[in-house]
Amino acid sequence: MTITAVGATVTDFSHLSNTFTTTVSPTAIGDVVVVGAQSYNGVFPQTQGVPTGGGVTTWNEMATGSGGGIIINTYWGVVTSTGSSTLTITMSGSPNFMFVSYQQFHSSVSNNWAQDGVGGNNAGSASSGNYPSQSPVGSDELYVGNAWIGGSGTIGGSTAGFVYTNFGNGAFNAAQFVYALGATTPNAYSPAWTQSPSDIYATLAGLLRIAPQNIVMVI
């Protein structure tokens, strides 16, 4: 069994708006989509709603966190309709910037997707660090992570086997999406990130797998 990424990570942002929207085009029913959403507005309160649309009927929360004025969430859902679709996330309070990533994945054997364990979160202030450690229970699992890191300089990261996407609003990068295919027990996975200069950050991570399907035999 193998899991593959379908296309490049779609990224977008909103500014001074309580409604984020972007257009996506999932290509296969039964594939899984992971959405990373991170927003910031300092000391002012804000909340994020669960995504709607994007070719997915039911979105599941993988991980959530906050820190230093950052609100960050990771969601996953199984594609139920293909073609052009609007992904919407509604916020309350006073969001400043919101950055969102959308990535589709395909399994070679099944569409019985499930989360493995509980997602993790880290937050603080630093110039470098690691995403939350995740340990798969099986083989060929999918590690995904998203982050708000910085906003005042450059961001990056490099860990073997991981694909990184850095993005922002054109003037600066502040968000990152990272994934690895084929996560396998008994290893623990915790990719590195960097930013310069040192600044606030919040990171999330989780694992997805193909769950065993029950087979009913009629004799």
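Basis of the calculations
Residues numbered from 1 in each chain as written. Predicted model: local features only at pLDDT ≥ 70, side-chain atom pairs only at ≥ 80, totals over all residues. Heavy atoms only, no water. Helix = DSSP H or I, 4+ residues; strand = E, 2+ residues; numbered from the N terminus. Rg over C-alpha atoms; globule rule 2.2 N^0.38 Å. Buried < 20%, exposed > 50% of the residue type's maximum accessible area, 1.4 Å probe, protein only. Contact = heavy atoms within 4.5 Å. pLDDT = per-residue confidence, 0-100. Phe/Tyr/Trp six-rings, centres within 6.5 Å; stacked < 30°, edge-to-face > 60°. Polar contact = N/O pair within 3.5 Å; in protein donor to acceptor, adjacent residues only side chain to side chain. Pairing = 2+ DSSP bridges. Axes fitted to C-alpha atoms, helices over the stretch in contact; angles between N-to-C directions.

Asker: Mind laying out the overall build of the protein chain, listing which residues take part and the relevant values?
Answerer: Secondary structure summary: the protein chain contains zero helices and 16 strands in total. Relative to the compact-globule value of 17 Å for 219 residues, the protein chain shows a C-alpha radius of gyration of 17 Å, a close match. If one aligns the C-alpha atoms of the protein chain with their principal axes, the spans along those axes are about 65 × 35 × 25 Å. Expressed as a percentage of the 219 residues in the protein chain, the buried residues total 49%. Considering only contacts in the protein chain between residues 6 or more positions apart, those separated by 24 or more positions represent 80%.

Asker: Summarise the confidence of the model for the protein chain; cite the residues concerned and give the values.
Answerer: Averaged over all residues, the pLDDT of the protein chain equals 91, while 94% of them reach at least 70. Of all the helices and strands in the protein chain, strand 4 (residues 46–48) carries the lowest mean pLDDT, 84, while strand 5 (residues 52–53) carries the highest, 98.

Asker: Mind laying out the packing of aromatic side chains, listing which residues take part and the relevant values?
Answerer: Within this structure, the stated rule accounts for ten aromatic pairs. Both rings, one in Phe177 and one in Tyr179, keep their centres 6.3 Å apart while their planes meet at 50 degrees; by these two values the pair is tilted. Three or more aromatic residues joined by ring pairs form one cluster here, namely Phe13, Tyr40, Phe97, Phe99, Trp148 and Phe167.

Asker: Any details on the side chain of Thr9? Residues and values, ideally.
Answerer: Secondary-structure assignment places Thr9 in strand 1 (residues 3–15). Judged by relative accessible area, which is 15%, Thr9 ranks as buried. Engagement of the side chain of Thr9 in a polar contact is seen with the side chain of Gln103, the distance being 2.6 Å. In this structure Thr9 touches Ser101, Tyr102, Gln103, Thr165, Phe177 and Tyr179, once residues within four positions along its chain are discounted.

Asker: Can you break down unusual backbone geometry residue by residue, with the values?
Answerer: Both trends apply: most residues other than glycine have a negative phi, and most peptide bonds are in trans. A cis geometry characterises the amide bond from Thr185 onward to Pro186, with omega recorded as 10 degrees. Following the sequence through the fold, Pro186 ends up in the loop between strand 15 (173–183) and strand 16 (192–210). Cis peptide bonds are those with omega within 30 degrees of zero, and the linkage from Ser196 to Pro197 qualifies with 5 degrees. We note that Leu16 has phi near 55 degrees; this positive angle belongs to a residue other than glycine.

Asker: Give me the sheet that holds strand 6 (residues 60–67): which residues, what numbers.
Answerer: The sheet built from five strands is open, its strands ordered 1-9-3-7-6 with antiparallel pairing. Looking along the sheet, the strands with just one partner apiece sit at the ends: strand 1 and strand 6. Neighbour to neighbour, the strand axes of the sheet diverge by 10 degrees on average, direction disregarded.

Asker: Help me get a handle on the side chain of Thr203, residues and values and all.
Answerer: Mapped onto the fold, Thr203 is located in strand 16. In contact with Thr203, other than residues within four places in its own chain, are Ile72, Gly120, Asn121, Asn122, Asn130, Tyr131, Pro132, Asn146, Ala147 and Trp193.

Asker: Tell me about the pairing of strand 6, and please be specific about residues and values.
Answerer: The sheet contact formed by strand 6 and strand 7 (residues 70–78) spans seven bridges and is antiparallel. Across the sheet, residue Glu61 finds its bridge partner in strand 7, namely Tyr75. Counting the residues in the hairpin turn of strand 6 and strand 7 gives two residues, including Gly68, whose phi is positive at 65 degrees.

Asker: Tell me about the environment of Gln38, and name the residues and values.
Answerer: By the secondary structure assignment, Gln38 is in strand 3 (residues 32–40). Taking the relative accessible area as the measure of exposure, Gln38 reaches 0% and is therefore buried. As a C-alpha pair, Gln38 and Gly182 span 144 residues in sequence and 26 Å in three-dimensional space. In this view, Gln38 contacts Gln48, Ile71, Ile72, Phe97, Met98, Phe99, Val100, Asn146, Ala147, Trp148, Phe167 and Ala175; residues no more than four positions away in its chain are not counted. In this structure the side chain of Gln38 is engaged in a polar contact, spanning 2.8 Å, whose partner is the side chain of Asn146.

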